[in-house]
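So the chains spell out like this:
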Amino acid sequence: MLTSTRKFSLALLLATSLLGTLGACKKNAEAPVAATSLYERLGGLPAVTAVVDQFIANVVAETMTSNSKLKRTFDPLVQSGNSYRVASLRNHLIDQIGQATGGPLVYKGLSMPAAHKGMNISEVEFNALVAELGKAMTSKGVPANQQTEVVNILAPLKSSIVAQ
Amino acid sequence: MRLGLGGLMALLLWANWQEPNLHDYSAPISVGALRVAGSLPATEAAKLHTQLIQMPGITACTVQAGAHAVAYTYRPDEITPAQVQQQLAPAFRVQTYEAPAAPVMGPQCPVPQGYIMALEKLRFALNLRRLFIAV
Ligand code: HEM
């Protein structure tokens, strides 16, 4: 036999775990899902992840070239013992691109000015990074029109990233 | 008993407070980088790329032939950098590349990232909201 205190505790436990899930349920039931968001057309999470992983590999390889434009900003991340930092950047990029293209979840990382504060990123560096994203999308088979859509979504962020 | 239940409730509340992140649904990765010794003509670079990308656990790779540079992302629970090097070794002379030490920019989190990632994993596992989200 359960004591009343135990019963109460168990009920509370159940209520706690349901609290969030019911909220999510209601929200999802109410939100009309756009017919075909860019996120869906890209191929959803597997496609976004594939592009971001390729982008990270491109950026790291670029920092290893003699005339690298990204070395200055990315070397601290590429150093040994910092692989979690690169992984964390990759995770944030999945979240950010996922949301920006109409995916189901929200990016919870730093704002762009806060993330790039003190880096003093130049326009040349910005363009070099966008070029690596373009190459990543091409090598993962993203059609040209969808690449343009992605770049058009990210381009307005330039002013909050460059010269911060 | 009460303390245990209270703790469990707090844990569930913490885990379910927010929706999960999109990246929580994809396997975590790490990054590896290699330098290839000797010459690396375009055909060899292409071969290296093909061999690397076909290894289980490799999610992306880039070969910069001119710089003899290779960078790849991998799932650490499926393959290790040592295994990558071992599998490439018969055909290519590769060495692990580490960027030269550079000054750390900005404040550093005192908590090791490994702990943070483990906590994130736990939070996702206990987050029941994920059952209602299609990604
Ligand atoms: C559209 C362009 C860009 C986007 C969408 C973007 C996005 C992001 C995001 C989401 C983060 C992680 C924020 C967080 O930790 O919460 C970040 C950090 C960072 N970004 Fe960018 N970024 C862009 C341009 C650039 C450029 C041009 C550079 C350098 C050339 C750069 C270098 C970095 C570095 C070094 C970090 C810090 C990683 C760390 O310290 O762990 N980003 N960026």
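Residues numbered from 1 in each chain as written. Chains lettered and ligands numbered in written order. Predicted model: local features only at pLDDT ≥ 70, side-chain atom pairs only at ≥ 80, totals over all residues. Heavy atoms only, no water.

Looking up chain A in an unreviewed UniProt entry gives the name Group 1 truncated hemoglobin, with the organism given as Hymenobacter setariae.

A. A look at the interface of chain A and chain B. Contact residues are listed per partner, giving 52 residues for chain A and 53 residues for chain B. Across the interface of chain A and chain B, roughly 4,700 Å² is buried in total on both sides, 67% from carbon and sulfur atoms. If you look at where chain A meets chain B, you find 0 salt bridges. Inspection of the region where chain A meets chain B yields 11 residue pairs in polar contact (both at pLDDT 80 or more). Only α1 (4-30), α3 (44-63), α4 (71-78) and α5 (83-100) of chain A provide two or more residues apiece to the side of chain A that touches chain B. Broken down by element, the residue count for the side of chain A that touches chain B peaks at 14 residues, all from α1 of chain A. Its residues assigned to classes, the side of chain A that touches chain B comprises 22 nonpolar, 19 polar and 11 charged. (Contact = heavy atoms within 4.5 Å. Buried area = accessible area lost by both parts, 1.4 Å probe. Salt bridge = Lys/Arg side-chain N within 4 Å of Asp/Glu carboxyl O. Polar contact = N/O pair within 3.5 Å; in protein donor to acceptor, adjacent residues only side chain to side chain. Helix = DSSP H or I, 4+ residues; strand = E, 2+ residues; numbered from the N terminus. Nonpolar A, V, L, I, M, F, W, Y, C, P; charged D, E, K, R; others polar.)

B. Summary view of the coordination of the iron atom of the ligand. You will see that the iron atom of the ligand has only one donor from the protein, His116 of chain A (NE2), lying 2.0 Å away. Its place among the elements puts His116 of chain A in the loop between α6 (112-115) and α7 (123-139). (Donors = N, O, S within 2.8 Å, 3.2 Å for Na, K, Ca; no water.)

C. Spatial organisation of the side chain of Thr59 of chain B. In this fold, Thr59 of chain B is placed in strand β2 (residues 58-64). Of the residues examined, Thr59 of chain B reaches a relative accessible area of 16% and is grouped as buried. At 2.9 Å, the side chain of Thr59 of chain B forms a polar contact with the side chain of Asp53 of chain A. Looking at Thr59 of chain B, its side chain comes within polar contact range of the side chain of Thr73 of chain B, at 2.5 Å. The contact partners of Thr59 of chain B, leaving out residues within four places of it in the chain, are Asp53 and Lys140 of chain A together with Ile29, Ile53, Thr73, Tyr74 and Arg75 of chain B. (Buried < 20%, exposed > 50% of the residue type's maximum accessible area, 1.4 Å probe, protein only.)

D. Broad picture of the nonpolar core. Ranked by internal contacts, the top residues of the largest apolar core, which has 40 residues, are Val52, Ile56, Val60, Leu133 and Val150 of chain A. For this core, the secondary-structure elements that each account for two or more residues are α2 (38-42), α3, α4, α5, α7 and α8 (144-154) of chain A together with β1 (30-36) and β3 (69-74) of chain B. If you tally residues by element for this core, the top one is α3 of chain A, at 10 residues. Those residues in contact with Val150 of chain A, other than ones at most four positions away along the chain, are Leu38, Leu42, Thr101, Leu133 and Met137 of chain A. Leu34, Val36, Tyr72 and Ile79 of chain B belong to the second largest nonpolar core, which has 18 residues in total. (Core = buried A, V, L, I, M, F, W, Y, C linked by side-chain atoms within 4.5 Å.)

E. Up close: the sheet that holds strand β4 (residues 94-96) of chain B. Residues and elements named next belong to chain B. Strand order in this open sheet of 4 strands is β2-β3-β1-β4, and the pairing throughout is antiparallel. Two strands close off the open sheet at either side, each with one partner strand: β2 and β4. Shown here is a sheet whose adjacent strand axes are inclined to one another by a mean of 25°, direction ignored. In this structure, β2 lies alongside β3, joined through 6 bridges in antiparallel fashion. Counterpart to Ile58 in the pairing with β3 is Tyr74. Lying over the sheet, helix α2 (residues 42-53) contacts β1, β2 and β3, oriented at roughly 170° with respect to β2. The strands touched by helix α3 (residues 81-88) within the sheet are β1, β2, β3 and β4, with β4 carrying the most contacts at an inclination of about 170°. (Pairing = 2+ DSSP bridges. Axes fitted to C-alpha atoms, helices over the stretch in contact; angles between N-to-C directions.)

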